[in-house]
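Take a look at the letters that make up each chain.
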Number of protein chains: 2
Amino acid sequence: MPVDQLTDTVEALHTALPGRVEADPALLAPYTADRSGHRSAGTPLAAVRARSIEDVQTVCRIASAAGIPVVTRGAGTGLAGGAIAGPGEIILSLAEMDGILEISEENRLAVVEPGILNGRLNAILADYGLWWAPDPASKDISTVGGNIAMNAGGLLCAKYGVTREAVLALKVVLADGTLLSIGHRTVKGVTGYDLCALMIGSEGTMGIIVEATLKLLPLTEGGTVTIGAFFDTVEEAAAAASSVTRRGHMPAIMELMDRRTLECVARYTGQDLSGRGAYLLIQCDGPAAEDTAQQIANVAWNAGGTVEITADPDETRRLLDFRRSAFPALEAMGTMLVEDIAVPRDRMTDAFAVIRSLEEKYDVLIPTTCHAGDGNLHPTFVFEGTEVPSAIWAAAGELFTTALDLGGTLTGEHGIGLLKRDWLQDELGPEQYEIQRRIKQVFDPHNILNPGKVFPPHA
Amino acid sequence: MPVDQLTDTVEALHTALPGRVEADPALLAPYTADRSGHRSAGTPLAAVRARSIEDVQTVCRIASAAGIPVVTRGAGTGLAGGAIAGPGEIILSLAEMDGILEISEENRLAVVEPGILNGRLNAILADYGLWWAPDPASKDISTVGGNIAMNAGGLLCAKYGVTREAVLALKVVLADGTLLSIGHRTVKGVTGYDLCALMIGSEGTMGIIVEATLKLLPLTEGGTVTIGAFFDTVEEAAAAASSVTRRGHMPAIMELMDRRTLECVARYTGQDLSGRGAYLLIQCDGPAAEDTAQQIANVAWNAGGTVEITADPDETRRLLDFRRSAFPALEAMGTMLVEDIAVPRDRMTDAFAVIRSLEEKYDVLIPTTCHAGDGNLHPTFVFEGTEVPSAIWAAAGELFTTALDLGGTLTGEHGIGLLKRDWLQDELGPEQYEIQRRIKQVFDPHNILNPGKVFPPHA
């Protein structure tokens, strides 16, 4: 694109949205990265901080007229490179559109702007006796709009569902500036195709989410009861998790840490975890929490676990903190590439076996935590330096293939973004890939919105 | 289309699927109707009873080559005219594809063919301690494939969600015979766009569902506790329902019957219901059912209700049967046009007020039952004869407009089909309507699949 046209576009943005456009390369650097470890090839053309739906429409019209890409960004906490921008691209930040427009107790819904942080929203909802279920680990620093754009998961999904189940309706701005209202304010609604569900998880490639009507739940009565159990092997821990599911229990949280992760935690915290082969953290909520937790503790004990069970707040925090220490412990070991495959629950043990074999084959460390209630594994490659070594990409590639071979998926909750776009077609197959590409074209015929994300460029 | 070509097509079907093609007009009559009261203009060209995915692909290839429409049909229990076929159309029955291919307790899923009846599936799943949550009133006679094609609702949606939340993956045959696998076998999965959610509720216009991977739930421990409460007015009953929600309760069932419905039931069953203005039926399940039900009974009592509460199976059946008698009671009064609007919960009283005013304005009876937990109303027009009188269509049209004005939707759970296609654009708006039409074209460029349903012809 001629430099003149780029300059004209930045000028047009400055004129239309005075004081809200940043074009100083030094200040644009943060927009070239997220939490995936990935960086774009250089600084974007400009960043715009939108404050209203009209602002977003204005940016889209200017960008469309010039054929310049728009990369939408919330808090930049993504793990797939989905919201990073490079040269010649406009970054559109929705972080300042962070208001709550409505909370309705009777309709159990909230209408919010996309930039509000998940944790902040939930803190406010608690005063109404309500909560919004999506709980990505990033919830205190990630936006609701970003959670929706990625169809975020978290710890509670086996019981409370993914983000898709927690959104009733969206307002979305298309590439040409058209404002679309999709979904329903009602609990049920089957008029036409479900574009709201389609938009959730589309990673900024179809439309820009500018308002969301969220389905809320009443806060659960009673407290939680938490179980921590060490096992000799990851197979034993996985078998225990499997027994919990097969017996019909629905714990809110069921997390697994493997031996490699425990070794990292031991080194990081100074705890003696020698001889510990795996850890299972389970939390029950709801009116029958105590009874259910006791039954689950028995299951874990019968499966060979060394079991703690508690309803005491301090003890609970200690058990949860042990799980939470995994990420910092890994971070302290080097640079991380956090992977995110999901497999059917009955293939978790197979997935762990493959991970162990990849460690040997590629001489890399892959400590792995797992949302054991839903088969979503986070094998985490740890390495030195800032560039992902080619051996790790090779191992990651084998890991993805394994996930598909086991009947699973490339990504359980982090999304495709830049990181996995080269494997997208492997999972979808050529026919579905082509259909998805053509659906993208229906919404964004000139490929203005987040081009190169999800789908490889020039696909 | 030349008669020769039609004859050739029927011949090609006979040759490809010997013994499974019906072309005798006398035997094709059932396919011209469903339970909506709507009839197509005449008998279809032929009916094919598919027994395998390959059969479906064969039919699609033959139909596509000749440009002949294919109308997919399960049990024909729909309420929107979505699965009825007329002259020059092939009806493709999936009723004989009714097998269960897999039940996995550990993965909490079942893989089924589309023609299996919902009730039969659930009877089998019960032996595994599992169930599939979608519970349309038709469940004993409607197919799982039909439930998915319409994104069926039911009584339990406020607590357990609609059909969309209960489907993990689908196999779908496209108009040209391509077989597509969409969705995931895993609980979580965010690879690419969510075509599985998009396909659910698409009413046979995008693809033909030939296999479904269903997300199951463990059967709830403990029994149910049921509450029946009469109120003087529908406003009081709606206020009671609203209090139940605002206090954070999640009953499994919360059904409302208005005075007009009670009058019909009284006439049908001979009960003395004089002075009764509305009825609320509430059922609680789960481990805290008893405690929750007691609290809800108090709420209903404080709202002015005459309250019964029971955990006794016979008494429970009596309370449920009272609600179930509404439909037969209405049927005994004449021909029914069952409507299906949904409004935000806090607008239910407004919706009832409009229904009463429409009764006066058009001099018609509109007894109304309501899924009060989710604001889904079934205003039912009762009339003599088989043709819907124009006054009733006019009243229905006003009802739809009212639903939209109240922030609701044309259809909560029955779908658009033929019956509401003329109002589709009113709800979607022109831009979204156009996008939906173009998405249909991506899947079915020659408009072979269920043309004229959902979207008006020549739209």
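Quantities reported herein were computed from a predicted structural model and do not represent experimental measurements. (Residues numbered from 1 in each chain as written. Chains lettered and ligands numbered in written order. Predicted model: local features only at pLDDT ≥ 70, side-chain atom pairs only at ≥ 80, totals over all residues. Heavy atoms only, no water.)

Trainee: Sorry if this is basic, but what is going on with the relation of the copies chain A and chain B here?
Mentor: Put simply, the two copies of the chain differ by a rotation about an axis and a shift along that axis. The transformation that overlays chain A on chain B combines an axial shift of 0.0 Å with a rotation of 180°, and the residual RMSD is 0.0 Å. The operation mapping one copy onto its partner corresponds to a two-fold rotation axis. Take the interface residues of chain A: 100% of them recur as interface residues in chain B, which is what a same-surface contact looks like. (Least-squares fit on C-alpha atoms with pLDDT ≥ 70 in both. Contact = heavy atoms within 4.5 Å.)

Trainee: Where do I start with the UniProt feature "domain: FAD-binding PCMH-type" (unreviewed entry) in chain A in this structure?
Mentor: On the UniProt side, "domain: FAD-binding PCMH-type" (unreviewed entry) is annotated at positions that read residues 40-219 of chain A here. Along residues 40-219 of chain A the backbone is 22% helical and 25% strand, and the end-to-end C-alpha distance reaches 41 Å. (UniProt positions renumbered as here; feature names shortened; annotations may be inferred. Helix = DSSP H or I, 4+ residues; strand = E, 2+ residues; numbered from the N terminus.)

Trainee: So what exactly am I meant to see when it comes to helix H3 (residues 53-66) of chain B here?
Mentor: For an α-helix, 3.6 residues make a turn, and residues three or four places apart therefore share a direction. Taking 1.5 Å as the rise per residue, H3 of chain B with 14 residues should run 20 Å; its terminal C-alpha atoms sit 20 Å apart, in good agreement. Three or more residues of H3 of chain B are buried, namely Ile53, Asp55, Val56, Gln57, Val59, Cys60, Ile62, Ala63 and Ala66 of chain B. (Expected span 1.5 Å × (residues − 1). Buried < 20%, exposed > 50% of the residue type's maximum accessible area, 1.4 Å probe, protein only.)

Trainee: Whenever I open this one, the interface of chain A and chain B confuses me. Can you help?
Mentor: How big an interface is tends to be reported as the loss of accessible area on association of its parts. Taken residue by residue, the interface counts 82 residues in chain A and 83 residues in chain B. Both faces considered, chain A and chain B share a buried interface measuring about 6,800 Å² in area, 59% of it formed by carbon and sulfur atoms. Of all residues in chain A, Glu106, Lys188 and Tyr193 of chain A give up the largest surface area on contact with chain B, accounting jointly for 15% of the area buried on that side. Of the charged contacts, one joins Glu106 of chain B and Arg246 of chain A as a salt bridge, the two residues approaching to 3.9 Å between their closest N and O atoms. (Buried area = accessible area lost by both parts, 1.4 Å probe. Salt bridge = Lys/Arg side-chain N within 4 Å of Asp/Glu carboxyl O.)

Trainee: Sorry if this is basic, but what is going on with the domain arrangement of chain A here?
Mentor: Residue and element names in this part refer to chain A. Structurally, chain A comprises domain 1 (3-93), domain 2 (100-218) and domain 3 (224-405). Here the C-alpha centroids of domain 2 and domain 3 sit 28 Å apart. Listed as interface residues are seven residues of domain 2 and, on the opposing side, nine residues of domain 3. Taken together, both faces of the contact between domain 2 and domain 3 bury some 710 Å²; the carbon and sulfur share is 56%. Taken together, the connections running from domain 2 to domain 3 amount to one salt bridge. Note that Asp285 is salt-bridged to Lys159, the shortest N-O span being 2.7 Å. Taken together, the links from domain 2 to domain 3 amount to two residue pairs in polar contact (both at pLDDT 80 or more). Split by residue class, the side of domain 2 that touches domain 3 holds five nonpolar, one polar and one charged. (Domains from an automatic or database assignment. Polar contact = N/O pair within 3.5 Å; in protein donor to acceptor, adjacent residues only side chain to side chain. Nonpolar A, V, L, I, M, F, W, Y, C, P; charged D, E, K, R; others polar.)

Trainee: Just checking my understanding: could you explain the nonpolar core for this structure?
Mentor: The nonpolar side chains of a soluble globular protein tend to be buried with one another. Of all hydrophobic cores here, the largest spans 172 residues; its most connected members are Leu170, Ile439 and Phe443 of chain A together with Leu170, Ile439 and Phe443 of chain B. Apart from the residues within four sequence positions on either side, Leu170 of chain A is in contact with Ile148, Leu180, Ser181, Ile182, Cys196, Met199, Ile200, Ile209, Glu211 and Ala212 of chain A. (Core = buried A, V, L, I, M, F, W, Y, C linked by side-chain atoms within 4.5 Å.)

Trainee: Quick question: what am I supposed to make of the pairing of strand E17 (residues 368-371) of chain A here?
Mentor: Every other side chain in a regular strand lies on the same face of the sheet, so the side chains alternate between the two faces. All names here are of chain A. Alternating residues of E17 divide into Thr368 and Cys370 and Thr369 and His371, and every residue in both groups is buried. As defined by bridge partners, E17 adjoins strand E18 (residues 376-383) across four bridges and the pair is classed as antiparallel. Looking at the pairing, His371 lines up with Asn376 of E18. The hairpin turn running from E17 into E18, its antiparallel successor, is four residues long, and Gly375 in that turn takes a positive phi close to 70°. (Pairing = 2+ DSSP bridges.)

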